[in-house]
Amino acid sequence: RVESLPKGFVWGGATAAYQVEGNTKADGKGKTMWDDYLKEQGRFSPDPASDFYHRYPEDIRLAKEHGLNAIRVSIAWTRIFPDGHGEPVQAGIDYYHKLFKECIDNGIEPYVTLHHFDSPKTLFDEGEWLNRQTIGYFVDYARFCFEEFTEVTNWFTMNEPVPLAYSQFIQGNFPPNHHFDVSNGIQAQHNEMLAHAQVVNLYKDELNKSGHIGVIHNLTPVYPISDTAENRHAAKLKDAFMNKFVLDAAFLGYYSEDTMSSINEILGINEAELTIENGDLDIMKQAAAQNDHFGINYYQNEFIQSYEGESTSHFNGTGEKGTSTFKFKGVGESVKKAGIPQTDWDWNIYPKGLYDTLKRVSHDYENCKTIYITENGMGYKDQTPTSDDEIIDDTPRIDYIDQHMDAVLKAREEGVDVQGYFVWSLQDQFSWANGYNKRYGLFYVDFETQKRYIKKSALWFKELAATMINE
Ligand code: BGP
């Protein structure tokens, strides 16, 4: 059990613009790839979300009062450039200056992501990351942000290239909802990593900035369900697709032979293709040694067994436990392991996976330096408060965070340079493919009234924060 925090530890809560801000039509904001899609789907609306656009002072105050010293936020590209490029919108610029000032004035360090799943609709319609023009526009947007928001010194380029591409093109639960479109699923990963590399090179070499920059990967360690040659091979293939491809891209600047042999095997079986253009790897190599920090989002591991049939899947986006299936042709089938608990959304609770991941990246990638856990947390159906000052009892979430923090601190003691932990999420927010019943926050949000309630996990957070200050 975690008893104290290391001195100077970054202890924060995470958010993403589209999941908290609401006000998606305010002040000249452009549409993202989600607006029309969610409307057509009719399941849930991104407005008002947690109304962070107006209520950020309250959320920052709560963060401060509960011992946090950092926050992860993202800039909505479409608040600055409604179409992804062109003339910047002053209201959007002003909003982020005010937000960053409020953070800094309250001793809450902002860690800012440039792209968190919210591509402009105009660029989405033209192919988004599959269209290389998007990369150019993204670099221009990044340049604008670096030059404008000089109060920010900790940057992340992209949030989770793999889950984005995977949800869009493999699992089919993000727009444009393709299922097992393996060519686009892998091509989008490469193009996003190329975009990341260009932005790192811009920040370090061209603008000579002294702040810190890096990428955020969601890492999902894959274990064979039992120790047979077939299952081990399935795990190796899935690991290449989920982790190794983008880790190589970020920290080697090329794809190792071992990685490519797995990727090519998956492409071959699925009659898919990946195009790496001349010059891509030069850009990526230049960036690989220049990442100042690395953000790891960790939620769960995967157990896999070999599978020879056609691809099929069911995504559990409702919290109906036990409904998800995932079978990937020529790669493997995701299976559950007896004795490993799961959330209502069928996500394994497996803290050892985080420990293994930390040891692995720091061992395998020399260029992977300072690490932050940029997301970790538990989706849970929190009880609805019945009185105004009720403290919401989210003990299972505390257990989850405690066990994962324990894994983080163990890896740290063994020499892995983890400098901080951001819980997903600061307050309850909108979940892309699950809506509003999958809550993660330290603070409960009544989405009707926007009233905030304290959860027990926030008090637990505060208690640990105090151990660091008194050390
Ligand atoms: C990560 C994303 C977040 C967040 C989180 C929880 O992949 O970076 O934006 O949503 O996962 O996922 P979900 O909301 O699907 O439960």
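Above this note sits the structure.
Residues numbered from 1 in each chain as written. Predicted model: local features only at pLDDT ≥ 70, side-chain atom pairs only at ≥ 80, totals over all residues. Heavy atoms only, no water.

A few words on the layout of surface pockets. The space that makes up the largest pocket amounts to roughly 1,000 Å³. If you trace the largest pocket, you find 47 residues lining it, with Y166, Q171, Q300, F315 and W347 closest to the centre. With four residues, the top contributor of residues to the lining of the largest pocket is helix α8 (residues 161–169). Residues of the lining of the largest pocket, tallied by class, amount to 17 nonpolar, 21 polar and nine charged. Counted as a void, the second largest pocket has a volume near 290 Å³. Forming the boundary of the second largest pocket are 18 residues, of which P221, V222, D239, N243 and R360 lie nearest the centre. Here the lining of the second largest pocket takes seven residues from helix α10 (residues 229–251), the largest share from any one element. (1 Å grid on protein atoms, 1.4 Å probe; cavity = no way out; pocket = protein on both sides within 12 Å on 5 of 7 lines; lining within 4 Å. Points joined across faces, edges and corners; volume = space filled by probe spheres on them. Helix = DSSP H or I, 4+ residues; strand = E, 2+ residues; numbered from the N terminus. Nonpolar A, V, L, I, M, F, W, Y, C, P; charged D, E, K, R; others polar.)

Within the largest apolar cluster, 151 residues are counted, with the highest numbers of intra-cluster contacts made by W11 and W155. Once residues within four sequence positions are removed from consideration, W11 is found in contact with L5, G67, L68, N69, A70, M405, Y421, W460, F461, L464, A465 and M468. (Core = buried A, V, L, I, M, F, W, Y, C linked by side-chain atoms within 4.5 Å. Buried < 20%, exposed > 50% of the residue type's maximum accessible area, 1.4 Å probe, protein only. Contact = heavy atoms within 4.5 Å.)

In the neighbourhood of the ligand, 15 residues make up the surrounding shell, with Q19, E160, S431, K438 and Y440 lying closest. A molecule is said to occupy a pocket when more than half its atoms come within 2 Å of that pocket's grid points, and by this definition the ligand occupies the largest pocket. Taken together, the residues that form the shell around the ligand break down as six nonpolar, six polar and three charged. (Near = heavy atom within 4 Å. Sits in = over half its atoms within 2 Å of the grid points.)

Here we come to the pattern of salt bridges. Using the criterion set out here, one finds 30 salt bridges in the structure. In this structure, the salt-bridge partner of R132 is D280, at a minimum N-O distance of 2.6 Å. Remark: D280 occurs in helix α12 (residues 280–288) and R132 occurs in helix α7 (residues 132–148); sequence separation between them is 148 residues. K456 is the partner of D393 in a salt bridge, and the nearest nitrogen-oxygen pair spans 3.4 Å. Taken together, the positions of D393 in the loop between β12 (370–375) and α14 (395–413) and K456 in helix α15 (residues 456–470) put the pair 63 residues apart, joining distant regions of the chain. Members of the salt-bridge network, linked through shared partners, are D382, D394, R397, D428, R439 and K455. (Salt bridge = Lys/Arg side-chain N within 4 Å of Asp/Glu carboxyl O.)

Strand order in this closed barrel of eight strands is β1-β2-β3-β4-β5-β7-β12-β13, and the pairing throughout is parallel. On average, each strand axis in the sheet is inclined to that of its neighbour by 25°, with strand direction left out of account. Summarising the sheet, β12 and strand β13 (residues 418–423) pair through three bridges and their orientation is parallel. Counterpart to I373 in the pairing with β13 is Y421. The sheet contacts of α10 involve β5 (212–218) and β7 (293–297), and relative to β5 the element is tilted by about 170°. (Pairing = 2+ DSSP bridges. Axes fitted to C-alpha atoms, helices over the stretch in contact; angles between N-to-C directions.)

The buried count for strand β4 (residues 154–159) comes to six of six residues, which makes it a mostly enclosed element. Sheet topology places strand β3 (residues 109–115) next to β4; four bridges connect them, and they run parallel. Within the sheet, the bridge partner assigned to V112 lies in β4 and is W155.

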